[in-house]
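# Results of the structural survey
Listed below are the residues making up each chain.
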Amino acid sequence: MHGSSSSDNSKTSPHSEGEVLQVLLVEDNPGDARLFKEYLAEGPVEASLQHEETLEDCLEALREGRTQNERPGKERSGNERPRDQEPDVLALDLGLPDSDGIETVKAAVAAAPTVPIVVLTGRDDLQAALKAQEAGAMEYLQKEELTPALVGRTLRWSVQRRGMQAKLQQRDAWIRSITERLSAGVFRAGPTGRIEYANEALAEMLGAGQADQLIGKDLTGFYADPTDRGRILAKEGASKVEIEFGGRGGSVFVGLLSVTVAYDENGAVVHYDGTVTDITGRIRRKKQLRMLSEAVEQAAESVIITEARPLNEPGPQIQYVNSAYEEMTGYSEAEMIGETPRVLQGPETDRDVLDSLREALEAGEKWQGETTNYRKDGEPYRVQWNVAPVRGKDGEIEHWVSVQRDVTEQKEREQELVEAKREAQRMNQLKSAFLANMSHEIRTPLTSILGFAEAIGEEAGSAGEPEEIDLAALRRFSSLIERSGHRLMSTLTGVLNLSKLQAGEMNLDLKPVDLAAEAEEVARELRPRAEKNGIELKAETEDGPVWARADAGGLQIALRNLLSNAIKYTEEGEVRVHARRAENMAAVEVEDTGIGMDSETAQELFEAFKQASEGVGREYEGTGLGLTVTKEVLDQMGGSIEVETEKGEGSRFTVRLPVAGQAEGA
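Predicted model only: the values in this text are computed from it and were never measured. Position numbers for residues start from 1 in each chain and track the written sequence from start to end. Restriction of local features to residues with pLDDT of at least 70 applies here, the model being predicted, together with a cutoff of 80 or more for giving and counting side-chain atom pairs; totals for whole chains, interfaces and linings are based on all residues. The side-chain figures draw on all heavy atoms in the structure; neither hydrogens nor water molecules are used.

### Considering the environment of Glu 56
Position of Glu 56 among the secondary structure elements: in helix H2 (residues 55-64). Accessibility here uses a 1.4 Å probe with only protein chains present; expressed as a share of the type maximum, an area under 20% marks a residue as buried, one over 50% as exposed, and anything in between as partly exposed. Owing to a relative accessible area of 57%, Glu 56 belongs among the exposed residues under this scheme. A run of H or I in DSSP becomes a helix once it reaches four residues, and a run of E becomes a strand once it reaches two; helices and strands are each numbered from the N terminus.

Below you can see the structure in the form of structure tokens.
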């Protein structure tokens, strides 16, 4: 076990000012434990860490109720306060050497029901994390996505959320206490059960006249049934026990007895404190208690209590909301009383979900669902509902209780996981395309270079006299070697340009550049290649220059890539480059009558190593980097590129760049 802490004064405390968050980490992987410890130390919460490696050690630490640094032989860090209680939060790995999965969570919950649990899972263990939450875990963290901020925020939120639940439970206790003490008798009895104090209400209930006449008497002596005497005033006390008492004039009444026990430092009973409430005529009070108890007992998050009807417009009115509801929605209780839950609905609220709710209400059944609601300030949030009926003695529904939980962050995390998985799959596909393309683009010209170099050597070596050498063959071999060398150089240049652009190492000097002149120059340079392929290459410009703010070298790269691609993928017809002014931008269009492509494929053209055909057996050579480099250089010059294409009909690429001022371009 290892202890760690942080004393950064800028960090916030999850408790009262100056306190340190006590974290118990249960993790058998040393590397994961070390990272968690580092993230916790770097995060926004001042915390002290206790580390255990097995479930058995964890349960032992929870039973002992003290931190590692307080055990015999251990020293406490200077900023850690001594404690003799449970940790504030438990960070629990689901895969331990002596326990695994949901059983680990159940064991920890049983050992320390009041300690919030944050489970640690792998990237592919989302279902396990959700099941752990069903078993009692408060939150979950994925190890692969941990950050200092995420660790600190999640632990702090778990503690705060547990505190909120504790407040709800305390409020429940207050509500019960207030309800039960209406005209209730109050007493204190000594260890033997003899009354030491009683109020007048108790004396009146028991027919004793004055309260002081009860002093010294055994409360159990007033039980109508002597066999009840052993049921209460035992060391564990009692809660809401119904007892028949002998009352005034020999009458019998049913009292609701609640007793708490106070102990001394040795565990011996000091006294009993209790209340007795006459519940003989309790129908009305039970109805209210049932309504409040049902609501508060379900109130893990926010609670609404409404009337039973009407189910039609405008709907049942709200009679009660708790503080968690106010915090979640921004509406106060005063604003909501008399309103209906429809005030939370908005444009994205799912009508099918509401129809399902309506069907359940009409059938008098419980219901659970999820939809989008809106806070008072108009902000949408994702909410999970649980709705249950509260029935009266005759079985009729008298109220509806709705418990709601904000699951916005949870849904966002789930969506992030889905998107991360999708991105990982996409990157894996790109890697495969890259390896196939690069292998082909490097191996093919190298094979040609080596083969024809060998052929030149054989030709020169087999000739007896210089005049016997076949110069035509040597020139052909030399030409093929040169072509393969250019292809290899083009591949490496594309990779190098993309790397420089992405690393910010290609310095671009933005100044007025004449798009028309640049387009004509690149067309003139590439026209021989087009004519060799039987393609007509036309350069069309408006009268006069078309000034754009750009880098001349970057613009040349973009235009060469676009025109080279157009020539490569056009088997017959023409390629046209056209420079023009377009609205507030300067534009260049490169249009061809080539093979074109599907619109779905066109969306991926600007990704690295993407082509209309890929792999070793593809029809056209090239790395698939040209358009990626083109888009990158245009982005860095403040420009844009878009494509219009149709399979078998050709493609048109449009480049737009900021217009240079007239004075600049003059």
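Read on, since the account is not over.
### A word on unusual backbone geometry
For the bond from Arg 309 to Pro 310, the omega torsion is 5°, close enough to zero to count as cis. Tracing the backbone shows Pro 310 in the loop between strand E14 (302-307) and strand E15 (318-321).

### So, the side chain of Asp 93
Relative to the assigned elements, Asp 93 resides in strand E4 (residues 89-93). A relative accessible area of 6% places Asp 93 in the buried class. Within the structure, Asp 93 has its side chain in polar contact with the side chain of Lys 143 (distance 3.3 Å). Polar contact is defined as a pair of N or O atoms within 3.5 Å, subject to the rule that within protein one atom must be able to donate a hydrogen and the other to accept it, and that residues adjacent in sequence are counted only when both atoms are side-chain atoms.

### Quick word on the pattern of salt bridges
The term salt bridge refers to a pairing of a side-chain nitrogen on Lys or Arg with a carboxyl oxygen on Asp or Glu at a separation within 4 Å. Per the stated rule, a full pass over the model turns up 22 salt bridges. Its salt-bridge partner being Lys 376, residue Glu 335 comes within 2.5 Å of it at the nearest N-O pair. Highlighted residues: Glu 335 in helix H9 (residues 333-336) and Lys 376 in the loop between strand E16 (367-374) and strand E17 (380-391), separated in sequence by 41 residues. Residue classification places Glu 335 among the partly exposed positions, given a relative accessible area of 35%. Take Lys 376: its relative accessible area is 44%, and that puts it in the partly exposed class. Lys 538 serves as the salt-bridge partner of Glu 574, at 3.1 Å between the closest nitrogen and oxygen. Note that Glu 574 is positioned in strand E22 (residues 574-582) and Lys 538 in strand E20 (residues 536-541), a separation of 36 residues in sequence. Residue Lys 538 is classed as partly exposed on the basis of its relative accessible area, which comes to 29%. Through salt bridges with shared partners, a single network forms among Glu 27, Asp 32, Asp 93 and Lys 143.

### Focus: the sheet that holds strand E24 (residues 640-646)
Should DSSP find at least two bridges between two strands, the strands are taken to pair. Taking strand neighbours across the sheet as the criterion, the five strands line up as E20-E22-E23-E25-E24 in an open arrangement whose pairing is mixed. Sheet topology places E20 and E24 at the edges, where each strand pairs with a single neighbour. Ignoring strand direction, the axes of neighbouring strands in this sheet form an average angle of 15°. Bridge analysis of E24 against strand E25 (residues 650-658) gives seven bridges, and the strand direction is antiparallel. Bridge assignment links Glu 646 to a residue of E25, and that residue is Gly 650. Whether two residues are in contact is decided by their heavy atoms: any pair within 4.5 Å suffices. In this analysis, axes come from line fits to C-alpha atoms, helices being fitted only over the stretch in contact, and the angle between any two N-to-C directions falls in the range 0 to 180 degrees. Helix H14 (residues 552-568) rests against E20, E22, strand E23 (585-592), E24 and E25 of the sheet, and its axis sits at about 25° to E23.

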